[in-house]
Structure formats: C-alpha cells, structure tokens
Amino acid sequence: MLDRHHLPIDRNREVVIRVRGVEVGFGDRTILNGLDLDVYRGEILGFVGASGQGKSVLTRTILGLVPKRAGTIEVLGRNLDDLSPSERRLLERRWGVLFQQGALFSALTVKQNVQVPMREYLNLSDRLLDELAMLKIEMVGLKPDAADKLPSELSGGMIKRAALARALALDPDIVFLDEPTSGLDPIGAGEFDELIATLQRTLGLTVFMVTHDLDSLYTVCDRIAALGEGKILAEGPIETLLASDNPWLRSYFHGKRARAAMASDS
Amino acid sequence: MAQSTLAQEPQVKIERSGDKVTARIVGHWTAEHAELVESFAAEIGAEADQHHVIFDLGEVQRLDTLGAWVLDRTRHELGERGQAADFANASPEQQILLDEVAYRGFQEQPKARHSKAMDFLVDVGKSMAGAGKDLVDGVAFLGELVSALIRVVVHPRRFRGTALVNQLEQIAYRSVPIIVLISFLVGCIVAQQGIFQLVRFGATPFVVDLIGILVLRELALLLTSIMVAGRSGSAFTAEIGSMKMREEIDALRVMGLDPIEVLIVPRILALVIGLPLLTFISSIAALSGGGVTAWLYGDVSPDVFLSRLREAVSMNTFLVGLMKAPFMALVIGIIATLEGLAVEGSAESLGRHVTSSVVKAIFMVIVLDGLFAMFFAAIRY
Ligand SMILES: Nc1ncnc2c1ncn2[C@@H]1O[C@H](COP(=O)(O)OP(=O)(O)OP(=O)(O)O)[C@@H](O)[C@H]1O
Ligand SMILES: [Mg+2]
C-alpha cells in the first residue's frame, strides 16, 4: 500500500479548478443544473455518480468541448470565457486528458501518439523526443515493444496506459481521467491507481478522476465529489461521504461491493 | 503564470574545489527550455574531466521529467566514462522523480536496410502478388455471395426487403439527378463535336448515328458505372469499413447473423437492379442532349433526328449496353465489399481503402467494357 499521506505535500489549498453555477443541457434536457465544484492543487479528486448523470459531460465542459448555458469555470485562476486563443493554447498545454475510450490517434503508433503534443509545443532534439516518449511509455507500465504498435493492436488496458502516457506527455499540472481503471483486471486497476498516486507525488499533479471503482476511491483519492440530479450531492474525504444520508450514496458506499472494498482496505 | 516560467531560464554554475566539480543547477529545468537544458547538461559533461561531479539541486525551482531525465542521463554518461557523479540537496519530491526516470538506454528497434533498386523490385513484386490475390479473393467472394443468394432464395423469409428498398433509394433514386445532368451534357458535347467534324463532308445528319450508337452501346453505361462507383461504391466501402473497425461485423456474426446476408446481399442486389435502370435513364438523357444540340447547332430537326435514330440503332444496340450493366454492378459491389472488409483499425486505413475501392472499380469497369467489346465483336452482335 502506498503511504502517500506521510510525504510532505505542500497544501496551501490553492484552487486550480473552480466551477460555479454551471448549467449544461442538450435540447430540452438539462444535465447539469447549477453545479459548484472546487479542485485543489495537488489533490486527487474522485468524481462519482450513477451512470448517465453527466460526469463525462462535466469533464468535457471544463475542457471546453461542450458549451455551457450558464455559470463560470476558472482553471488555474483564469476564467475560461475570458481567454484569448493564444492564452487558451498556453492553458491547454498545462492539462492532459485521458478520455473514456482512450481516443488515441488510430493512424499513429503509441510512441508517435505520445510525441504529438511534444512536437506541437516543445522544441526537442530528435534524441530527446525519442527518449522522453519511451520514458513516458515505460512510466505508465507499458513494455518498450508496445511503443511501435498501432492502437488497433493493443488490448483495452494497454490503450488506457498509452492514453495516460499521452496525457502526461507535457508534464501537465492537471490531468483529467475519465474512468481510468474501467476495463482493467483488479490487479491491473490496483497498479494503475498506484501509478497515478506515484505520478501525482513525483510530478505534483492535480488529478480529476471520474471513476466507478470503489477501490480507487478508498486507496488513492484525497477527496470525493458525488454527482446527482445535476448538482454535487456531497463532497469531502471518504468519511464524509460514508456518513452522508443521501439514499444513492448510502447504497453506493454501503452496498455489498462497497463493504468488500472497505474490508480489503483496512 | 506562463510569463514567470519563461523568465526563470535554467542556469548552471560550475565550481571546482580540489578534485571535485560541483554543478549548481539553478532555475527551471523543464521542457519549455529543452534546448538550454540539453546544452547545459552537455557543458557539465564537458567541464567535468576526471573529476568527481556533484549535481547540486538546492537551487532548482522547477524540475520536470525532461529535466530529471537529462540530468540523470548526464550522470549516467559520466559514470560510463569512469567518473563518479552524484546528486546532492535534492528535495524528497525531486529524489522520487529522479528515481522514477532513472536513466536507461532505449535500444533502437533494428531497422532493415534496403537499396532503392531492391525496394522498387519488392514493390513491383508486392503489387503483382496483390493483384493476383485480389482476383482470387474476388472469385472466392463471388462464390460466397452466390451461396448467400441461394440461401436467401431457399429461405425467402431471410430476405431483407426493407434493406433492399432502402439501398435502391440510396444507390439508384438519389443519383438520378446527377446522372441525368452529366449524361445530358456529355450528349450535347459529343453531338457538337460530331457536327463540327461531319459538316465538312456535308454529312451532318450522320451525327444521329454517331450519337445513337455511341451512347447506347458504350457511353451511357460507362458514365453511369463510373458515377455509381464513385458515389455508391465509396459509400459502401466506408460503411462496411467503419462497421468492421468498430467490431460491428463481429457483433453480427456472434449473434448468428451472416454479415454477407444482412449487409452485402441487399446492397449488391440494389446495385444489380439499379445500375441497368440508371443506364437506361442515362441513355435517354444523353440522346436528348444530343438531339437538342443537333437541332440548335446542326439544324437537324427533332423529326429528322427521331426517324434517323430509328434507322441507325437496332434493338441489339440498346440491349448490348443494358446487358453489360448488371456485370458492372457486380464488379463495383464486389470490389467495394472486399475493400470494406479489408479495413483495419485506423481511420487512415479506412480512407485508403475507400480510395482504392473507387480506383479499382473504375479501372475494372473500363477493362470489363473492353472485354465485352471484344466479345460482342467476335459474335457479331
Ligand atoms: N452529445 C450529447 N447529446 C445529447 N445528450 C448527451 C450528449 N452527451 C451526453 N448526453 C447525455 O448526457 C447524460 C450524461 O452523460 P455522461 O456521458 O456525462 O454520463 P456519465 O455520467 O459519464 O455516465 P457513465 O458513468 O456511464 O460514463 C446522458 O444522459 C447522455 O445521454
Ligand atoms: Mg462517462
């Protein structure tokens, strides 16, 4: 088990993502309805909620892929609506995203995928470009021979890892992970959690992680926010959520599977 | 924030004391300054001849994977030259990062080396083998298609009438306007050119024979086939290819549905029914175009045009054109299907196969038309 809480993490509670009153809908359906959320620097925030509640939609809204109807989003202290295109580019290189389906470029090998943002934003020598890409690929636990494979030749777990390597290519300040451990075997998922925790420690990442994986919530998340009915139902360390009397949260955290996860953790 | 990172350029201060060289690493050793970081690291390597090198990280403000990698690489290279090199004053986070990136060489995957001439020969060989394989695949697929058709005939309930009608709409009905338009224009052009040449011999009315035979035997069919190959063949390859990419074809198969029966039979049947119909429409449009031009440009009145047309063309001129159409449809359909099924995971592969589906189909349509011309000449039809 990782003993990460004993490390000197500088916690001055700087807010890196501040979401206020965000409203998002499609057609006449409202998905998010006045949602408020803070993510602090250096933390791993677990984001939970029933399927279809809009976890991916919120992530995509923060990333600017889905238009919002109302509200403000600040990332690293800048209101996203006020950014000029060049400021936006500067901001975009400071976050990395792992999409729910991986979203690797299908025509490029894993290594080339990792190199895409590096080529775009950095001025690296060929040698460094190769070495850094290989380093990231190894850091996420892929074998070197995976580097020259195409995404269609990878297993589901390898796709997640490769996509994480690409998300980390620029040493971002913030990473968004949409269900990073879904589709992995439990051991693989555990390794992936540890990997995220290690990277968070070494690179000082802030991690926004959408997940359904109770083990991840128990082992690596510093704080958890739960989404329901378009709002945050509860947020805080896991104890706060365990104590909540919201019916969905009660069945989520006190169901059979949750008890098993809790037992294995203690 | 971005401004402040740019301001903090990396620096290195090298100090010598006795047989020790201390390299004080200062500022932001991050990917933004990759070039500087690399050149400073090389400088440390060069300065540190035969000394014990200490990397003092006490004044580093930011270190990322790139910085840590380059530093550790330098340390490793010094070690290989037999010099001792160590880090000092690294914060716990920096130490974790340095451990995490710990330098290791990445061997290049060996790349085979070829000469240009060799590559050329290999390419020629491959494309010949590819052409042969295409032919074999085509024949094999024709067999599968026929057996699927027989199954459908034996169990008519498995026939997908709705899909067929839908495909007929897509392939035939929706391409009527464009085919009418281009056929009409080509008819006009051929007539105009014909009149232009024939008027010198005072043989203007023979333009009717020219148009009638050319359009009915060859032009209408070729125009239609090429148009359909470009319009429907490509769509067909893209549909099948993207279904293949997303494992939809496999999903059909594991549900016990035969993809050929479900997806391909309706499309190819629609092509085989639609192409002769379109050819007929195209013939009429091209003849009308020719007629209008002959009237306006060559003073051949519609009455004269029609009566000459009846003398010039016989039923078999018309049938020759129409008879070829189903074969063209089959060729277009088979090529489009095979290319669609050959798509692999990537979007690029999809694009490549759509292109080659259209190119191969047009090529084969023309080759086949040539073969038919020889055949009909031989049997004097
Ligand atoms: N582009 C879109 N157009 C219309 N509706 C959408 C769109 N994207 C998402 N939705 C709807 O928004 C809702 C929330 O979707 P979202 O993908 O955010 O769910 P989720 O919470 O991520 O679920 P899961 O845990 O299954 O990934 C769903 O009901 C979905 O149907
Ligand atoms: Mg989702």
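All values derive from a computational prediction rather than experimental measurement.

Cut-offs used in this document
- In every chain, residue numbers begin from 1 and rise along the written sequence.
- Written order determines the labels here, with chains lettered from A and ligands numbered from 1.
- For this predicted model, a pLDDT threshold of at least 70 governs which residues receive local features, and a threshold of 80 or more governs which side-chain atom pairs are given and counted, while totals over whole chains, interfaces and linings are taken from all residues.
- To obtain the side-chain values, all non-hydrogen atoms of the structure were included, while hydrogens and water were left out.
- Strands are runs of DSSP state E lasting at least 2 residues, helices are runs of H or I lasting at least 4, and numbering of each runs from the N terminus.
- Radius of gyration means the value over C-alpha atoms here, while the globule rule gives 2.2 Å times the residue count to the 0.38 power.
- Relative accessibility under 20% of the residue-type maximum defines a buried residue, over 50% an exposed one, and the middle range a partly exposed one, all with a 1.4 Å probe and only protein chains included.
- For accessible areas, the Shrake-Rupley method is used with a probe of radius 1.4 Å. Any residue's cover is judged against the shown protein chains and nothing else.
- Positive charge is attributed to Lys and Arg, negative charge to Asp and Glu, and no charge count is given to His or to the chain ends.
- Here the site of a charge means atom NZ of a Lys, CZ of an Arg, CG of an Asp or CD of a Glu.
- Scored from 0 to 100, pLDDT reflects the predictor's confidence in each residue.
- In this analysis, two residues are considered to be in contact whenever any of their non-hydrogen atoms come within 4.5 Å of each other.
- Paired rings are identified among Phe, Tyr and Trp, the last through its six-membered ring, by centres lying within 6.5 Å, and are further divided according to the angle between planes into stacked (under 30 degrees), edge-to-face (over 60) and tilted (the rest).
- Within this document, salt bridges are pairs made up of a side-chain nitrogen of Lys or Arg and a carboxyl oxygen of Asp or Glu, the two lying within 4 Å of each other.
- Paired strands are those between which DSSP finds at least two bridges.
- All axes are obtained by fitting lines to C-alpha atoms, using only the stretch in contact for helices, and the reported angles, taken between N-to-C directions, cover 0 to 180 degrees.
- Two distance rules govern patches: like charges are joined within 9 Å, and nonpolar side chains (Val, Leu, Ile, Met, Phe, Trp, Tyr) within 5 Å, applied only to residues with over 30% relative accessible area and no salt bridge.
- To sort the angles, those under 35 degrees are grouped as roughly parallel, those over 145 as roughly antiparallel, those from 65 to 115 as roughly perpendicular, and the leftovers as oblique.
- As a working rule, the residues Ala, Val, Leu, Ile, Met, Phe, Trp, Tyr, Cys and Pro are called nonpolar, Asp, Glu, Lys and Arg charged, and the rest polar, with Gly in that last group.
- Here a residue is considered near a molecule or strand provided that any single heavy atom belonging to it is located within 4 Å of it.
- Counting of polar contacts relies on pairs of N or O atoms within 3.5 Å, with two restrictions inside protein: one atom must be capable of donating a hydrogen and the other of accepting it, and residues adjacent in sequence are counted only when both atoms are side-chain atoms.
- A crossing counts as left-handed when the near helix is turned anticlockwise from the far one by less than a right angle, and as right-handed when that turn is clockwise.

Enquirer: When you look at the overall build of chain B in this model, what are you seeing that I'm missing?
Expert: The secondary structure content of chain B amounts to 13 helices and 4 strands. Relative to the compact-globule value of 21 Å for 381 residues, chain B shows a C-alpha radius of gyration of 36 Å, a clear excess of over 25%. Considered along the principal axes of its C-alpha atoms, chain B spans approximately 115 × 60 × 45 Å. The buried share of chain B, reckoned over its 381 residues, is 42%. Of the roughly 20100 Å² of accessible surface on chain B, a fraction of 63% belongs to carbon and sulfur atoms. Taking the average place of the 32 positive charges on the side chains of chain B and the average place of its 41 negative ones, the gap between the two points comes to 11 Å.

Enquirer: Sorry, what's going on with the confidence of the model for chain B here?
Expert: Detailed conclusions should not be drawn from predicted coordinates in areas where pLDDT is low. Residue and element names in this part refer to chain B. Across chain B, the average pLDDT comes to 87, with 97% of residues at or above 70. Below pLDDT 50 for its whole length, residues 1-6 participates in 8 contacts with residues either more than four positions away or in separate chains. Here the predicted complex carries an ipTM of 0.71, next to a pTM of 0.70.

Enquirer: Can you help me understand the packing of aromatic side chains in this one?
Expert: All names here are of chain A. Applying the stated criterion across every chain, the model contains 9 aromatic pairs over all chains. For the ring pair Trp95 and Phe176, a centre distance of 5.9 Å and an interplane angle of 85 degrees mean the geometry is edge-to-face. Linking Trp95 in strand S6 (residues 95-98) with Phe176 in strand S7 (residues 174-178), this pair joins segments that are 81 residues apart in sequence. The exposure class of Phe176 is buried, given its relative accessible area of 0%.

Enquirer: Can you help me understand the pattern of salt bridges in this one?
Expert: Two side chains bearing opposite charge may form a pair once their charged atoms approach each other closely. Considering all chains together, one arrives at 32 salt bridges over all chains under this definition. The residue A:Asp38 makes a salt bridge to A:Arg20 at a minimum N-O spacing of 3.2 Å. Of this pair, A:Asp38 sits in strand S2 (residues 29-40) while A:Arg20 is found in strand S1 (residues 15-26), placing the two residues 18 residues apart along the sequence. By relative accessible area, which is 14% here, A:Asp38 ends up buried. Residue A:Arg20 is classed as partly exposed on the basis of its relative accessible area of 31%. Three or more residues joined by partner-sharing salt bridges are found here, namely A:Arg127, A:Glu131, B:Glu38, B:Arg73 and B:Glu77.

Enquirer: How should I be thinking about the sheet that holds strand S8 (residues 206-210) of chain A in this particular structure?
Expert: Backbone hydrogen bonds are what pair the strands of a sheet, in a parallel or an antiparallel way. Residue and element names in this part refer to chain A. Spatially, S6-S7-S8-S3-S9-S10 is the arrangement adopted by the 6 strands of the open sheet, whose pairing is mixed. For this open sheet the edge positions go to S6 and strand S10 (231-236), each flanked by a neighbour on one side alone. With direction set aside, neighbouring strand axes in the sheet form an average angle of 15 degrees. Relative to the sheet, helix H5 (residues 156-167) contacts S6 and S7, its axis offset from that of S6 by approximately 170 degrees.

Enquirer: Would you explain unusual backbone geometry in this entry?
Expert: Negative phi is the rule for most residues except glycine; trans is the rule for most peptide bonds. All names here are of chain A. Located in the positive-phi region is Leu76, a residue other than glycine, with phi close to 50 degrees. Following the sequence through the fold, Leu76 ends up in the loop between strand S4 (70-75) and strand S5 (78-79). With relative accessibility at 9%, the residue Leu76 sits in the buried group. Positive phi is not limited to glycine here, since Ala103 has a value of about 55 degrees. Mapped onto the fold, Ala103 is located in the loop between S6 and helix H3 (110-121).

Enquirer: Mind showing me how you'd approach a nonpolar patch on the surface here?
Expert: Residues and elements named next belong to chain B. Taken together, the side chains of Ile178, Leu181, Phe184, Leu185, Ile189, Phe196, Val292, Trp295, Leu296 and Tyr297 present a nonpolar region at the surface, about 960 Å² in accessible area. Of all elements in the fold, only helix H7 (176-198) and helix H10 (259-298) reach the threshold of two or more residues within the nonpolar patch. Ranked by the residues each element gives to the nonpolar patch, the list is headed by H7, at 6 residues. In this structure, Val292 sits in helix H10.

Enquirer: Explanation requested: the packing of helix H4 (residues 126-139) of chain A against helix H3 (residues 65-80) of chain B in the structure shown.
Expert: Geometrically, a packed helix pair is captured by the angle between its two axes and the distance between the axes. Two elements in contact, H4(A) and H3(B), have axes whose closest approach is 11 Å; the angle formed by their N-to-C orientations is 105 degrees. Taken together, the axes of H4(A) and H3(B) lie roughly perpendicular to each other. Between H4(A) and H3(B), the residues in contact are A:Arg127, A:Leu128, A:Glu131, A:Leu132, A:Leu135, A:Lys136 and A:Met139 and B:Thr65, B:Leu66, B:Trp69, B:Val70, B:Arg73 and B:Glu77, respectively. Residues belonging to the contact of H4(A) with H3(B) are distributed by class as follows: 7 nonpolar, 1 polar and 5 charged.

Enquirer: Can you walk me through the site of ligand 1 in this structure?
Expert: Residue and element names in this part refer to chain A. Every one of the 14 residues lining ligand 1 counts as a neighbour, but Ser51, Gly52, Lys55, Ser56 and His212 are closest to it. One of the side-chain nitrogen or oxygen atoms of Ser51 is found 2.4 Å away from an oxygen atom of ligand 1. Separating an oxygen atom of ligand 1 from a side-chain N or O atom of His212 is a distance of 2.8 Å. Computed on the free molecule, ligand 1 has an accessible area of 640 Å², of which 63% lies beneath the protein chains in the complex. Those elements that provide at least two residues to the shell around ligand 1 are S2 and helix H1 (55-62). Sorting elements by how many residues they give to the shell around ligand 1 places H1 first, with 3 residues. Of the residues belonging to the shell around ligand 1, the class tally is 4 nonpolar, 7 polar and 3 charged.

Enquirer: What's the story with the packing of helix H6 (residues 161-171) of chain B against H10(B) in this structure? I'm lost.
Expert: Residue and element names in this part refer to chain B. The N-to-C vectors of H6 and H10 enclose an angle of 45 degrees; their axes lie 8 Å apart at closest approach. Viewed along their axes, H6 and H10 adopt a mutual orientation that is oblique. As for how H6 packs across H10, the hand of that crossing is right-handed. Across the interface between the two elements, Ala163, Leu164, Gln167, Leu168 and Ile171 of H6 pack against Pro266, Arg267, Leu269, Ala270, Leu271, Ile273, Gly274 and Leu278 of H10.

Enquirer: How do you make sense of the sheet that holds strand S3 (residues 52-63) of chain B when you look at a structure like this?
Expert: Residue and element names in this part refer to chain B. Across the sheet, which stays open at both edges, the 4 strands sit in the order S1-S2-S3-S4 with mixed pairing between neighbours. Taken across any chain shown, the strands that pair with only one partner, and hence form the sheet edges, are strand S1 (11-17) and strand S4 (85-88). Ignoring which end each strand starts from, the neighbouring axes of this sheet average 20 degrees apart. Judged from the 9 bridges that link them, strand S2 (residues 20-29) and S3 form a sheet pairing that is parallel. Its bridge partner being in S3, His28 is matched across the sheet by Arg62. On top of the sheet, helix H2 (residues 34-47) reaches S1, S2 and S3; it is set at about 10 degrees to S1, its chief contact.

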